[in-house]
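This is what each chain is made of:
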Amino acid sequence: MAPSTRSPVMQETDEDDWFAEDDAPPTAVAPATEFDHIARLLRPLTRGDPAALDLLDDATVLPSRPGHDLVITKDAMVAGVHFLPEEPLDFVARKLLRTNLSDLAAKAAEPYGYFLAVGWPSGADVASRETFARGLAEDGALFDISLLGGDTVTTSGPLVVSATLLGWAPEGGAILRRGAKPGDRLMVSGTIGDGWLGLLAQWGEVVDSDGALLRRYRQPEPRVTLRDAMRVHAKAAADVSDGLLADSGHIAIASGCRVRVDLERLPLSPGAQAWLDEQPEQVEGRIRLASGGDDYEIVCAVDPNEAWAFRVAAAAAGVKVSEIGEFVEGEGVSAYYKGRDVTPSRLGWLHG
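Residues numbered from 1 in each chain as written. Predicted model: local features only at pLDDT ≥ 70, side-chain atom pairs only at ≥ 80, totals over all residues. Heavy atoms only, no water.

### Some details on the environment of Gly 113
Here is step 1 of the chain: Position of Gly 113 among the secondary structure elements: in strand S4 (residues 110-121).
Here is step 2 of the chain: In contact with Gly 113, not counting residues within four places along its chain, are Ile 145, Ser 146, Leu 148, Thr 164, Leu 165 and Leu 166. (Helix = DSSP H or I, 4+ residues; strand = E, 2+ residues; numbered from the N terminus. Contact = heavy atoms within 4.5 Å.)

Shown next, in the form of structure tokens:
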């Protein structure tokens, strides 16, 4: 979606929910109305971005950026489905932003700002809202993104949170899932399997002595610093949310070819390696790590002549990338272990 060179882009928001009175109390007292809640907890999240109009209007005005495309992504999370109901709400807020930032990172887009929608359960207290806003503020500062608008409602169901993130990519330069060709190398950032193991650790099913696995599940690290390296070297990319096998397959399907993943080359953290060492069947263990999901790493296709240069550029950005397979003629996904085809029937998380 190319930005307009004629006039700003208008993003409609709810007419009432983001309007706030100028004299809303700035102190940490219980807000008497939703307008006070917006003024006290949400207006600071705009970080003074003029596009947000101080959340005093019923729309947001986005400036155009000549020579760039506007990249938009959206995710929603529901208590009891995407996070445990007792999960600290500042962690929920930060994960909401980070999972969306991971989508932007896969497109090699520079984060710009976000829209927020929250359905608060009836009876949600002020402390819950404050904790959620604190998480947004922490990661807004960390990743330099501002709240631009949105909506809040009350629901009889569980807590529902949704964010729409905006980012900029050079015109025609966003990295899409399509673009891989036979012969291209399959590369992945970081380590694989930690997110899934972190969820098991939260359930008490996996030993996580130093808490590293749980941190990876609760607070994934979107690979936004890979942006420049990807713009130069990546031909197609996706973030690893559904599982390495599934998301590599998404690239293969969009690109009209087949991807071969070599499970013996799976990059593992110390925690994941320790878990794998205890498994009675190495192949099954590696398949579970490669299909568990929630890693929020970047998997991408790179020309074989540029694979080493991509590693060097990624390392300069503070991220290790590993070559774990290649794209070939055909369609779908093949998983191999020491030369043997071990492709499972389930490649990753299936959305309903």
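So much for the structure itself; the text now carries on.
### Let's talk about the sheet that holds strand S3 (residues 68-78)
Here is step 1 of the chain: Pairing is mixed in the open sheet, where four strands are placed in the order S3-S6-S4-S5. Each edge of the open sheet carries a strand with a single partner, namely S3 and strand S5 (146-155). Going across the sheet, the axis of each strand differs from the next one's by a mean of 15 degrees, ignoring polarity.
Here is step 2 of the chain: As paired strands, S4 and strand S6 (residues 160-170) are joined by nine bridges and run antiparallel to one another. Note on S6: the bridge partner recorded for Phe 115 is Thr 164.
Here is step 3 of the chain: Against the sheet, helix H2 (residues 89-106) contacts S3, S4 and S6, and its axis sits at roughly 145 degrees relative to S3.
Here is step 4 of the chain: Running at roughly 170 degrees to S4, helix H3 (residues 126-143) makes contact with S4 and S6 of the sheet. (Pairing = 2+ DSSP bridges. Axes fitted to C-alpha atoms, helices over the stretch in contact; angles between N-to-C directions.)

### Section: helix H9 (residues 282-291)
Here is step 1 of the chain: With seven of 10 residues buried, H9 lies mostly within the body of the structure.
Here is step 2 of the chain: The inward-facing, buried residues of H9 abut helix H4 (194-202), helix H7 (244-255), helix H8 (270-277), strand S12 (332-337) and strand S13 (340-341).
Here is step 3 of the chain: Sitting at the amino-terminal end of H9 is Glu 281, which places a side-chain oxygen 3.1 Å from the backbone nitrogen of Val 283.
Here is step 4 of the chain: The positive-phi residue at the C-terminal boundary of H9 is Gly 293, with phi of around 85 degrees. (Buried < 20%, exposed > 50% of the residue type's maximum accessible area, 1.4 Å probe, protein only. Polar contact = N/O pair within 3.5 Å; in protein donor to acceptor, adjacent residues only side chain to side chain.)

### What about the sheet that holds S13?
Here is step 1 of the chain: Strand order in the open sheet formed by seven strands is S8-S10-S7-S11-S9-S12-S13, with mixed pairing between adjacent strands. Both outer strands of the open sheet, strand S8 (234-239) and S13, are each paired with one neighbouring strand and no more.
Here is step 2 of the chain: Where strand S7 (residues 185-189) and strand S10 (residues 298-302) come together, four bridges link them in antiparallel fashion. Counted as the bridge partner of Val 188 is Val 299 from S10.
Here is step 3 of the chain: Seen against the sheet, H7 touches S7, S8, strand S9 (258-262), S10, strand S11 (321-328) and S12 and runs at an angle of roughly 155 degrees to S9.

### Looking at the pairing of S9
Here is step 1 of the chain: Sheet analysis places S9 next to S11, joined by four bridges and oriented antiparallel. For Val 261, the partnering residue across the bridge sits in S11 and is Gly 325.
Here is step 2 of the chain: Pairing analysis gives five bridges linking S9 to S12, with the strands arranged parallel. Opposite Val 259, over in S12, you have Val 333 as the bridge partner.

### Digging into the nonpolar core
Here is step 1 of the chain: If you look at the biggest cluster of nonpolar residues, it comprises 47 residues, and the most contacted ones within it are Tyr 114, Phe 132 and Met 230.
Here is step 2 of the chain: The element contributing the most residues to this core is H2, with nine residues.
Here is step 3 of the chain: Each residue touching Tyr 114, except ones within four places of it in the same chain, is listed here: Leu 45, Leu 97, Leu 136, Ile 145, Ser 146, Leu 147, Leu 148, Gly 149, Thr 164 and Leu 165.
Here is step 4 of the chain: By size, the runner-up hydrophobic cluster in this structure holds 38 residues, among which are Trp 196, Ala 201, Ala 252 and Cys 257. (Core = buried A, V, L, I, M, F, W, Y, C linked by side-chain atoms within 4.5 Å.)

### Some points on the environment of Gly 190
Here is step 1 of the chain: Relative to the assigned elements, Gly 190 resides in the loop between S7 and H4.
Here is step 2 of the chain: On the accessibility criterion, Gly 190 (13% relative accessible area) is buried.
Here is step 3 of the chain: C-alpha of Gly 190 to C-alpha of Asp 295: the two residues are 105 residues apart in sequence and 9.0 Å apart in space.
Here is step 4 of the chain: Excluding residues that lie within four positions of it along the chain, Gly 190 makes contacts with Arg 223, Pro 267, Glu 297, Val 319 and Lys 320.

### Comments concerning the confidence of the model for the chain
Here is step 1 of the chain: Residues of the chain with pLDDT of at least 70 account for 86%, and the chain-wide mean is 87.
Here is step 2 of the chain: Between residues 1-32, whose pLDDT stays under 50, and residues either more than four places distant or in other chains, the model counts 80 contacts. (pLDDT = per-residue confidence, 0-100.)

### Describing the packing of aromatic side chains
Here is step 1 of the chain: Under the definition given, this model contains three aromatic pairs.
Here is step 2 of the chain: Taking the centre distance of 5.8 Å and the plane angle of 55 degrees together, the rings of Tyr 112 and Trp 168 count as tilted. One end of the pair, Tyr 112, is in strand S4; the other, Trp 168, is in strand S6, with 56 residues separating them in the sequence. The residues Tyr 112 and Trp 168 share a single accessibility class, namely buried.
Here is step 3 of the chain: Ring centres of Trp 196 and Trp 275 lie 5.5 Å apart, and the angle between their planes is 90 degrees; on these two criteria the pair is classed as edge-to-face. A residue pair is termed long-range when its members are at least 10 positions apart, and Trp 196 in helix H4 and Trp 275 in helix H8 qualify at 79 residues. Of the two residues, Trp 196 and Trp 275, neither departs from the other in class, the shared state being buried.
Here is step 4 of the chain: One residue, Lys 95, lies across the ring of Tyr 217, its end atom 3.6 Å from the ring centre.
Here is step 5 of the chain: It is Arg 260 that lies over the ring of Tyr 336; its NZ or CZ is 3.7 Å from the centre. (Phe/Tyr/Trp six-rings, centres within 6.5 Å; stacked < 30°, edge-to-face > 60°. Lys NZ or Arg CZ within 6 Å of the ring centre and 35° of its normal.)

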